[in-house]
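# Topology and contacts: notes
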Amino acid sequence: MIQEGIPTMSGELIFRAENLGVTYQSSRGPTPALENFSTEMAKGEFVSILGPSGCGKSTLLKVAAGLLTPSSGVVELAGEPITGPRRDVGIVFQQPTLLKWQTVLDNVLLPIRTLGMDLEVGRARAHDLLRLVELENFERHYPHELSGGMQQRVGIARGLVHDPSLLLMDEPFAALDAMTRENMMIELQRIWMETRKSVIFITHSIPEAVFLSSRVLVLSHRPARILKDVTIDLPLPRTQETLGSARFAELCSELRAMFSQTKK
Ligand SMILES: Nc1ncnc2c1ncn2[C@@H]1O[C@H](COP(=O)(O)OP(=O)(O)OP(=O)(O)O)[C@@H](O)[C@H]1O
Ligand SMILES: [Mg+2]
């Protein structure tokens, strides 16, 4: 089923990997994390990645971020080879990794300063994004004055401030309690729908992946292969009711069955 508002693979590609291989070298010998890994992602898609611990998910994200050079294969962002960190990519790490001695606003402005972008333009965007993540009254606060969920939302605003076309998120909600996590999930969906970013989202939570994504990739054990590529056809926006719907449960159990195979 093709739905209005959900990008399809016929659209412009934002990310492409072909026969991608990453092998880590250490004194104990080589560790292949990715081998012959191929996938494509259209602009505006929200793609979640599920896979067993240690299978190569963060490795894939680091390659997409230009922080790690692959050992073999092709990786492209919007049709160009990825050769290093790029300003059109934003990253949200598992931990908020905020600078303790800088205010919320200055933390959000970090990519603007690092990339040498226009500070006035950046400031205007930072204000808008802090409003989007409902932290407009905390701009002058310091990280230790915020809750974990609020810090994570600062991390999301920082990941978006330089207006990247691709947002990479590595288990961004893993450290949050269940309630905050559910609120953040709904908030992230709203941000995605409002900004129409392309998102690669790593998670260990099947319901989170189903709720947020236009597509979910289930990866095998290391070196990661794609075991299943599932289009999530739930209508947008997804709400509390979505979580209780029969189709939601069906998609979750389909993915759970596939995911449990990776544990054998
Ligand atoms: N810098 C490194 N040097 C050597 N081996 C590494 C390095 N980074 C990762 N690895 C290995 O590569 C494999 C994939 O690691 P990666 O961090 O990509 O896994 P992951 O899927 O993100 O796992 P998790 O779900 O636990 O975060 C693991 O076996 C890991 O031990
Ligand atoms: Mg990881």
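Residues numbered from 1 in each chain as written. Chains lettered and ligands numbered in written order. Predicted model: local features only at pLDDT ≥ 70, side-chain atom pairs only at ≥ 80, totals over all residues. Heavy atoms only, no water.

### Describing the packing of helix 5 (residues 148–160) against helix 6 (residues 178–195)
Angle between the axes and distance between the axes are the two parameters that describe a pair of packed helices. In plain terms, the rule: Between the N-to-C directions of two axes lies an angle of 0 to 180 degrees, each axis being a line fitted to C-alpha atoms and, for a helix, fitted only over the stretch in contact. Per the convention used, a helix needs a DSSP run of H or I reaching at least four residues, while a strand needs a run of E reaching at least two, with both numbered from the N terminus. The scheme is simple: roughly parallel for angles under 35 degrees, roughly antiparallel for over 145, roughly perpendicular for 65 to 115, oblique for anything else. Crossings are classed by handedness, with left-handed meaning an anticlockwise turn of the near helix from the far one by less than a right angle and right-handed meaning a clockwise turn. Every residue pair with non-hydrogen atoms within 4.5 Å of one another is taken to be in contact. All amino acids are sorted into three groups, where Ala, Val, Leu, Ile, Met, Phe, Trp, Tyr, Cys and Pro are nonpolar, Asp, Glu, Lys and Arg are charged, and the leftover types, Gly among them, are polar.
Look at helix 5 against helix 6: their axes get within 11 Å of each other, and the N-to-C directions meet at 20°. In terms of orientation, helix 5 and helix 6 fall into the roughly parallel class. Judged by the twist between their axes, the crossing of helix 5 over helix 6 is right-handed. Of helix 6, the residues touching helix 5 (which contributes Gly149, Arg153, Ile156 and Leu160) are Thr180, Met184, Glu187 and Ile191. Class assignment of the residues belonging to the contact of helix 5 with helix 6 gives a composition of four nonpolar, two polar and two charged.

### Points about the nonpolar core
Side chains of nonpolar character tend, in soluble globular proteins, to be buried together. Worth spelling out the cut-off: In plain words, nonpolar cores are sets of buried Ala, Val, Leu, Ile, Met, Phe, Trp, Tyr and Cys residues tied together by side-chain atoms within 4.5 Å. Throughout, exposure labels follow a simple rule: accessible area from a 1.4 Å probe, protein chains only, divided by the maximum for the residue type, with under 20% read as buried, over 50% as exposed, and the rest as partly exposed. The split of the chain into domains comes from an automatic or database domain assignment.
Ranked by internal contacts, the top residues of the largest apolar core, which has 49 residues, are Leu130, Ile156, Met169, Phe201 and Val210. Broken down by element, the residue count for this core peaks at six residues, all from helix 9 (residues 246–261). Two domains share this core, each providing at least three of its residues, namely domain 1 (42–69 + 166–264) and domain 2 (89–163). Ignoring anything within four residues of it in the chain, the contact list for Val210 reads Ile232, Leu234, Arg238, Phe248, Leu251, Cys252 and Leu255.

### What to know about unusual backbone geometry
The omega torsion of the bond from Arg222 to Pro223 falls at -10°, within 30 degrees of zero and hence cis. In this fold, Pro223 is placed in the loop between strand 9 (215–219) and strand 10 (226–231). The amide bond that connects Leu236 to the next residue, Pro237, takes the cis arrangement and shows omega of -10°. Looking at where Pro237 falls in the secondary structure, it is placed in the loop between strand 10 and helix 8 (240–243). Positioned with a positive phi, Ala78 is a non-glycine residue whose angle comes to about 45°. Inspection of the secondary structure assignment puts Ala78 in the loop between strand 4 (72–77) and strand 5 (80–81). Notably, Arg196 is not glycine yet its phi reads approximately 55°, a positive angle. With respect to the helices and strands, the residue Arg196 is situated in the loop between helix 6 and strand 8 (198–202). With a relative accessible area of 35%, Arg196 lands in the partly exposed category.

### Some remarks on the side chain of Gln189
Considering the arrangement of structural elements, one finds Gln189 in helix 6. Setting aside its immediate chain neighbours within four residues, Gln189 contacts Phe211, Leu212, Leu236, Pro237 and Arg238.

### Let's talk about the packing of aromatic side chains
So the rule is basically this: Each aromatic pair joins two rings of Phe, Tyr and Trp (for Trp, the six-membered one) with centres within 6.5 Å, and gets the label stacked for planes under 30 degrees apart, edge-to-face for over 60, and tilted for any other angle.
In total, this model carries three aromatic pairs according to the counting rule given. Taken together, Phe46, Phe173, Trp192 and Phe201 form an aromatic cluster joined through their ring pairs.

### Quick notes on the domain arrangement of the protein
Here is the rule: A simple way to read buried area is as the amount of 1.4 Å-probe accessible surface that goes missing from two parts once joined, with both sides added. A pairing counts as a salt bridge when a side-chain nitrogen of Lys or Arg comes within 4 Å of a carboxyl oxygen of Asp or Glu. Pairs of N or O atoms are called polar contacts if they sit within 3.5 Å, as long as, within protein, a hydrogen donor faces a hydrogen acceptor (for residues adjacent in sequence, only side-chain-to-side-chain pairs).
Domain parsing of the protein yields domain 1 (42–69 + 166–264) and domain 2 (89–163). In this structure, domain 1 and domain 2 have C-alpha centres spaced 23 Å apart. Listed by partner, the interface residues are 22 residues for domain 1 and 18 residues for domain 2. Contact between domain 1 and domain 2 buries roughly 1700 Å² in total, counting both sides, with carbon and sulfur atoms accounting for 66%. Our count for the domain 1 to domain 2 interface comes out at two salt bridges. Between Lys197 and Asp163 there is a salt bridge whose closest N-O contact spans 2.5 Å. On inspection of domain 1 and its partner domain 2, the count reaches seven residue pairs in polar contact (both at pLDDT 80 or more). The set of elements that each furnish at least two residues to the side of domain 1 that touches domain 2 consists of strand 7 (166–170) and helix 6. Among the elements that line the side of domain 1 that touches domain 2, the one with the most residues is helix 6, at seven residues. In terms of residue class, the side of domain 1 that touches domain 2 is built from 14 nonpolar, two polar and six charged.

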